[in-house]
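So the chains spell out like this:
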Amino acid sequence: MTFLVHGDVKKGERERQKAIQEAELSIMKELRESREKKDKAKAGEQSSGRLLTDRSVNFGAMKNRLADIWRPVKGVLIREIEGQVYLFQFFHEFDVDRILEGGPWSFDNHLLLLHKLKQGKIPTKVPLNLIPFWVQIYDLPVGYMSETIGMQLGNFIGKFLAYYTTNNSGIGRSYTRVRVAVDVRKPLMRCKKISKPGGDCVMIKFKYERLGSFCFVCGTLGYTESFCEKLFSSNDKNMAREWGTWLRAPDKRSIQFKPSKWLRESLGGETPYGTIGAPTG
Ligand SMILES: [Zn+2]
(Lines give C-alpha, C1' and ligand atoms only; values in the text may rest on other atoms or scores of the structure.)
Protein backbone atom coordinates (compact mmCIF):
# COMPACT_ATOMS: atom_id res chain seq x y z
CA MET A 1 0.00 0.00 0.00
CA THR A 2 2.82 2.30 0.88
CA PHE A 3 4.21 1.65 -2.54
CA LEU A 4 0.88 2.54 -4.08
CA VAL A 5 0.60 5.78 -2.09
CA HIS A 6 4.21 6.52 -2.92
CA GLY A 7 3.45 5.63 -6.49
CA ASP A 8 0.44 7.95 -6.60
CA VAL A 9 2.51 10.82 -5.24
CA LYS A 10 5.18 10.22 -7.86
CA LYS A 11 2.59 9.98 -10.57
CA GLY A 12 0.93 13.23 -9.40
CA GLU A 13 4.30 15.01 -9.33
CA ARG A 14 5.11 13.76 -12.86
CA GLU A 15 1.76 15.01 -14.14
CA ARG A 16 2.27 18.36 -12.44
CA GLN A 17 5.75 18.72 -14.01
CA LYS A 18 4.35 17.70 -17.37
CA ALA A 19 1.56 20.27 -17.10
CA ILE A 20 4.10 23.00 -16.20
CA GLN A 21 6.28 22.03 -19.15
CA GLU A 22 3.30 22.09 -21.50
CA ALA A 23 2.18 25.50 -20.20
CA GLU A 24 5.73 26.85 -20.65
CA LEU A 25 5.91 25.50 -24.19
CA SER A 26 2.55 27.02 -25.00
CA ILE A 27 3.62 30.44 -23.65
CA MET A 28 6.89 30.24 -25.64
CA LYS A 29 4.94 29.36 -28.78
CA GLU A 30 2.53 32.26 -28.26
CA LEU A 31 5.43 34.68 -27.68
CA ARG A 32 7.21 33.44 -30.81
CA GLU A 33 4.06 33.76 -32.91
CA SER A 34 3.33 37.23 -31.58
CA ARG A 35 6.92 38.32 -32.31
CA GLU A 36 6.70 36.91 -35.84
CA LYS A 37 3.36 38.68 -36.35
CA LYS A 38 4.83 41.96 -35.08
CA ASP A 39 7.91 41.62 -37.34
CA LYS A 40 5.67 40.91 -40.30
CA ALA A 41 3.43 43.89 -39.50
CA LYS A 42 6.47 46.14 -39.09
CA ALA A 43 7.85 45.16 -42.49
CA GLY A 44 4.45 45.76 -44.07
CA GLU A 45 4.30 49.24 -42.59
CA GLN A 46 7.54 50.45 -44.10
CA SER A 47 7.86 52.22 -47.40
CA SER A 48 10.87 53.44 -49.25
CA GLY A 49 10.62 56.56 -51.34
CA ARG A 50 12.45 59.10 -53.42
CA LEU A 51 11.58 62.48 -54.86
CA LEU A 52 11.63 62.71 -58.63
CA THR A 53 14.26 65.40 -58.91
CA ASP A 54 18.02 65.86 -59.23
CA ARG A 55 17.89 68.96 -57.09
CA SER A 56 18.92 68.84 -53.47
CA VAL A 57 15.97 69.00 -51.14
CA ASN A 58 15.59 70.47 -47.67
CA PHE A 59 14.97 67.20 -45.84
CA GLY A 60 13.69 68.85 -42.64
CA ALA A 61 11.11 70.87 -44.55
CA MET A 62 10.14 67.84 -46.65
CA LYS A 63 9.45 65.48 -43.77
CA ASN A 64 7.44 68.08 -41.88
CA ARG A 65 5.40 68.97 -44.96
CA LEU A 66 4.62 65.34 -45.85
CA ALA A 67 3.66 64.48 -42.26
CA ASP A 68 1.38 67.55 -42.24
CA ILE A 69 -0.34 66.54 -45.48
CA TRP A 70 -0.66 62.86 -44.53
CA ARG A 71 -1.61 63.29 -40.84
CA PRO A 72 -1.08 59.57 -40.08
CA VAL A 73 -3.10 58.61 -37.00
CA LYS A 74 -0.22 56.60 -35.49
CA GLY A 75 2.52 58.93 -36.75
CA VAL A 76 5.34 58.44 -39.21
CA LEU A 77 9.10 58.29 -38.84
CA ILE A 78 11.00 59.54 -41.90
CA ARG A 79 14.72 58.90 -42.35
CA GLU A 80 17.09 59.62 -45.20
CA ILE A 81 18.91 56.36 -45.85
CA GLU A 82 20.95 57.11 -48.95
CA GLY A 83 21.25 60.11 -51.29
CA GLN A 84 17.60 61.24 -51.47
CA VAL A 85 16.18 57.77 -50.80
CA TYR A 86 14.00 57.82 -47.71
CA LEU A 87 12.52 55.28 -45.35
CA PHE A 88 8.98 55.96 -44.18
CA GLN A 89 8.09 53.97 -41.07
CA PHE A 90 4.37 53.86 -40.36
CA PHE A 91 2.87 52.38 -37.22
CA HIS A 92 -0.43 51.14 -38.52
CA GLU A 93 -1.30 49.35 -41.72
CA PHE A 94 -4.37 51.62 -42.20
CA ASP A 95 -2.08 54.66 -42.33
CA VAL A 96 0.33 53.23 -44.90
CA ASP A 97 -2.50 51.89 -47.07
CA ARG A 98 -4.39 55.19 -47.06
CA ILE A 99 -1.25 57.10 -47.98
CA LEU A 100 -0.22 54.73 -50.76
CA GLU A 101 -3.73 54.70 -52.21
CA GLY A 102 -4.09 58.49 -51.94
CA GLY A 103 -1.02 59.38 -54.02
CA PRO A 104 0.61 60.81 -55.99
CA TRP A 105 2.17 63.07 -53.37
CA SER A 106 4.67 65.77 -53.99
CA PHE A 107 6.93 68.16 -52.16
CA ASP A 108 7.91 71.48 -53.72
CA ASN A 109 6.35 70.27 -56.99
CA HIS A 110 8.62 67.18 -57.03
CA LEU A 111 6.67 63.93 -57.23
CA LEU A 112 7.29 61.34 -54.52
CA LEU A 113 7.78 57.74 -55.60
CA LEU A 114 6.76 55.32 -52.85
CA HIS A 115 7.14 51.58 -52.56
CA LYS A 116 5.66 49.45 -49.77
CA LEU A 117 8.43 47.23 -48.47
CA LYS A 118 7.93 43.52 -48.05
CA GLN A 119 9.69 41.61 -45.30
CA GLY A 120 13.38 41.08 -46.03
CA LYS A 121 13.59 43.74 -48.77
CA ILE A 122 16.43 46.25 -48.66
CA PRO A 123 15.00 49.79 -49.05
CA THR A 124 17.83 51.04 -51.28
CA LYS A 125 17.58 48.01 -53.57
CA VAL A 126 13.89 48.21 -54.51
CA PRO A 127 13.20 49.97 -57.83
CA LEU A 128 11.46 53.32 -57.40
CA ASN A 129 10.23 54.07 -60.91
CA LEU A 130 6.47 53.75 -60.74
CA ILE A 131 4.01 56.39 -59.62
CA PRO A 132 0.23 55.98 -59.45
CA PHE A 133 -2.03 58.53 -61.14
CA TRP A 134 -5.73 58.88 -61.74
CA VAL A 135 -5.96 59.38 -65.49
CA GLN A 136 -9.05 60.85 -67.09
CA ILE A 137 -9.89 59.46 -70.54
CA TYR A 138 -11.75 61.82 -72.89
CA ASP A 139 -13.60 61.38 -76.18
CA LEU A 140 -14.47 57.71 -75.75
CA PRO A 141 -17.15 56.74 -78.28
CA VAL A 142 -20.59 55.83 -76.97
CA GLY A 143 -20.60 52.31 -75.54
CA TYR A 144 -16.85 52.30 -74.85
CA MET A 145 -17.12 53.37 -71.22
CA SER A 146 -16.48 49.95 -69.68
CA GLU A 147 -14.03 48.37 -67.27
CA THR A 148 -12.55 46.17 -70.02
CA ILE A 149 -11.76 49.17 -72.23
CA GLY A 150 -10.55 51.09 -69.17
CA MET A 151 -8.19 48.23 -68.32
CA GLN A 152 -6.81 48.05 -71.87
CA LEU A 153 -6.23 51.79 -71.99
CA GLY A 154 -4.73 51.74 -68.48
CA ASN A 155 -2.22 49.13 -69.65
CA PHE A 156 -1.42 51.32 -72.67
CA ILE A 157 -0.73 54.34 -70.42
CA GLY A 158 1.25 52.28 -67.88
CA LYS A 159 0.17 49.47 -65.60
CA PHE A 160 -3.57 49.36 -64.94
CA LEU A 161 -4.39 49.40 -61.22
CA ALA A 162 -8.10 50.16 -60.85
CA TYR A 163 -11.23 51.36 -62.56
CA TYR A 164 -13.14 54.20 -60.91
CA THR A 165 -16.24 52.45 -59.63
CA THR A 166 -18.67 55.28 -60.29
CA ASN A 167 -17.43 55.82 -63.86
CA ASN A 168 -20.59 54.52 -65.42
CA SER A 169 -23.08 56.14 -63.09
CA GLY A 170 -22.12 59.79 -63.52
CA ILE A 171 -24.77 61.23 -65.82
CA GLY A 172 -23.29 63.58 -68.36
CA ARG A 173 -19.72 62.79 -67.35
CA SER A 174 -17.44 63.48 -70.29
CA TYR A 175 -14.62 61.18 -69.26
CA THR A 176 -13.82 57.91 -67.56
CA ARG A 177 -11.17 57.54 -64.84
CA VAL A 178 -8.57 54.81 -64.39
CA ARG A 179 -5.83 54.36 -61.82
CA VAL A 180 -2.52 53.68 -63.52
CA ALA A 181 1.07 53.13 -62.35
CA VAL A 182 3.17 55.23 -64.69
CA ASP A 183 6.84 54.44 -65.32
CA VAL A 184 8.69 57.72 -64.81
CA ARG A 185 11.46 56.64 -67.22
CA LYS A 186 9.05 56.71 -70.16
CA PRO A 187 7.36 59.67 -71.89
CA LEU A 188 3.80 60.39 -70.75
CA MET A 189 1.17 58.86 -73.01
CA ARG A 190 -1.01 61.60 -74.46
CA CYS A 191 -3.61 59.95 -76.67
CA LYS A 192 -4.53 56.80 -78.55
CA LYS A 193 -6.24 56.28 -81.87
CA ILE A 194 -8.88 53.57 -81.75
CA SER A 195 -11.03 52.27 -84.56
CA LYS A 196 -14.78 51.93 -84.17
CA PRO A 197 -16.71 48.92 -85.54
CA GLY A 198 -17.81 50.94 -88.62
CA GLY A 199 -14.17 51.52 -89.57
CA ASP A 200 -13.99 55.16 -88.43
CA CYS A 201 -11.10 56.11 -86.19
CA VAL A 202 -11.32 58.28 -83.15
CA MET A 203 -8.56 59.89 -81.08
CA ILE A 204 -9.05 59.56 -77.36
CA LYS A 205 -7.12 61.83 -75.03
CA PHE A 206 -5.65 61.44 -71.56
CA LYS A 207 -5.40 63.94 -68.73
CA TYR A 208 -3.47 63.22 -65.51
CA GLU A 209 -4.68 64.31 -62.08
CA ARG A 210 -2.06 65.93 -59.80
CA LEU A 211 0.65 65.72 -62.41
CA GLY A 212 4.00 67.15 -61.27
CA SER A 213 6.46 69.00 -63.45
CA PHE A 214 7.31 67.41 -66.78
CA CYS A 215 9.14 68.30 -69.98
CA PHE A 216 7.04 69.62 -72.89
CA VAL A 217 9.75 68.56 -75.38
CA CYS A 218 10.20 64.87 -74.50
CA GLY A 219 7.25 64.21 -72.16
CA THR A 220 9.40 62.98 -69.26
CA LEU A 221 8.32 63.58 -65.67
CA GLY A 222 10.62 65.17 -63.12
CA TYR A 223 12.09 68.17 -64.95
CA THR A 224 11.19 70.94 -67.36
CA GLU A 225 12.57 71.72 -70.83
CA SER A 226 15.27 73.96 -69.34
CA PHE A 227 17.05 70.72 -68.43
CA CYS A 228 16.05 68.61 -71.44
CA GLU A 229 18.87 66.71 -73.15
CA LYS A 230 16.81 66.32 -76.32
CA LEU A 231 16.37 70.09 -76.61
CA PHE A 232 20.05 70.76 -75.91
CA SER A 233 21.25 68.20 -78.43
CA SER A 234 18.88 69.58 -81.09
CA ASN A 235 20.33 73.08 -80.70
CA ASP A 236 16.92 74.34 -81.82
CA LYS A 237 15.19 76.36 -79.14
CA ASN A 238 12.01 76.42 -81.21
CA MET A 239 11.66 72.68 -81.67
CA ALA A 240 8.10 71.35 -81.41
CA ARG A 241 6.55 70.94 -77.97
CA GLU A 242 4.46 67.81 -78.34
CA TRP A 243 3.42 67.77 -74.68
CA GLY A 244 1.76 70.64 -72.85
CA THR A 245 -0.28 71.82 -69.90
CA TRP A 246 -3.38 70.29 -71.52
CA LEU A 247 -2.18 66.96 -70.06
CA ARG A 248 -3.06 68.23 -66.60
CA ALA A 249 -6.57 67.32 -65.52
CA PRO A 250 -8.49 70.28 -64.12
CA ASP A 251 -8.08 70.44 -60.37
CA LYS A 252 -11.36 69.26 -58.81
CA ARG A 253 -10.96 71.71 -55.96
CA SER A 254 -10.96 74.64 -58.41
CA ILE A 255 -14.04 73.27 -60.18
CA GLN A 256 -15.98 72.92 -56.93
CA PHE A 257 -14.85 76.35 -55.74
CA LYS A 258 -17.78 78.74 -55.36
CA PRO A 259 -16.99 82.42 -55.07
CA SER A 260 -18.00 83.91 -51.74
CA LYS A 261 -21.03 86.22 -51.87
CA TRP A 262 -19.09 88.53 -49.58
CA LEU A 263 -16.16 88.87 -51.93
CA ARG A 264 -16.09 91.82 -54.31
CA GLU A 265 -14.20 91.59 -57.57
CA SER A 266 -14.29 95.31 -58.28
CA LEU A 267 -15.04 98.60 -56.58
CA GLY A 268 -18.71 98.53 -57.63
CA GLY A 269 -21.15 95.61 -57.67
CA GLU A 270 -23.63 93.62 -55.61
CA THR A 271 -23.24 92.53 -52.00
CA PRO A 272 -25.84 90.90 -49.71
CA TYR A 273 -26.70 94.47 -48.57
CA GLY A 274 -27.48 95.73 -52.06
CA THR A 275 -25.61 97.54 -54.78
CA ILE A 276 -22.58 99.42 -53.74
CA GLY A 277 -21.17 102.06 -55.95
CA ALA A 278 -17.54 102.85 -56.35
CA PRO A 279 -16.34 105.25 -53.72
CA THR A 280 -16.39 108.81 -54.93
CA GLY A 281 -14.44 111.85 -53.97
ZN1 LIG B 1 12.75 66.70 -72.25
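It should be noted that the structure appears before, not after, this text.
The structure contained in this document is the topic of the report that follows.

**Some details on the environment of alanine 61**
Okay, step 1: With respect to the helices, strands and loops of the structure, alanine 61 is situated in helix α2 (residues 59–70).
Okay, step 2: Through-space distance from the C-alpha of alanine 61 to that of phenylalanine 107 is 9.1 Å; in sequence the pair is 46 residues apart.

**As for the sheet that holds strand β5 (residues 110–116)**
Okay, step 1: The strand order across the open sheet built from 5 strands is β2-β3-β1-β5-β4, with neighbouring strands paired in antiparallel fashion. Both outer strands of the open sheet, β2 (76–82) and β4 (105–107), are each paired with one neighbouring strand and no more. Each neighbouring strand pair of the sheet contributes to a mean axis angle of 35°, computed without reference to strand direction.
Okay, step 2: For β2 and strand β3 (residues 85–90), the ladder comprises 6 bridges, and the chain directions are antiparallel. Within the sheet, the bridge partner assigned to leucine 77 lies in β3 and is glutamine 89.
Okay, step 3: Running over the sheet, helix α3 (residues 93–102) touches β1 (46–51), β3 and β5 and is turned about 135° from β5.

**Some words on the sheet that holds strand β6 (residues 130–138)**
Okay, step 1: Here 5 strands make up an open sheet; going across it, the order is β7-β8-β6-β10-β9 and the pairing antiparallel. One side of each edge strand has no neighbouring strand; the edge strands of this open sheet are β7 (159–163) and β9 (191–195). Looking at each pair of strands side by side, their axes are set apart by 35° on average, direction ignored.

The rules we used
- Residues numbered from 1 in each chain as written.
- Predicted model: local features only at pLDDT ≥ 70, side-chain atom pairs only at ≥ 80, totals over all residues.
- Helix = DSSP H or I, 4+ residues; strand = E, 2+ residues; numbered from the N terminus.
- Pairing = 2+ DSSP bridges.
- Axes fitted to C-alpha atoms, helices over the stretch in contact; angles between N-to-C directions.
- Contact = placed C-beta atoms within 7 Å.

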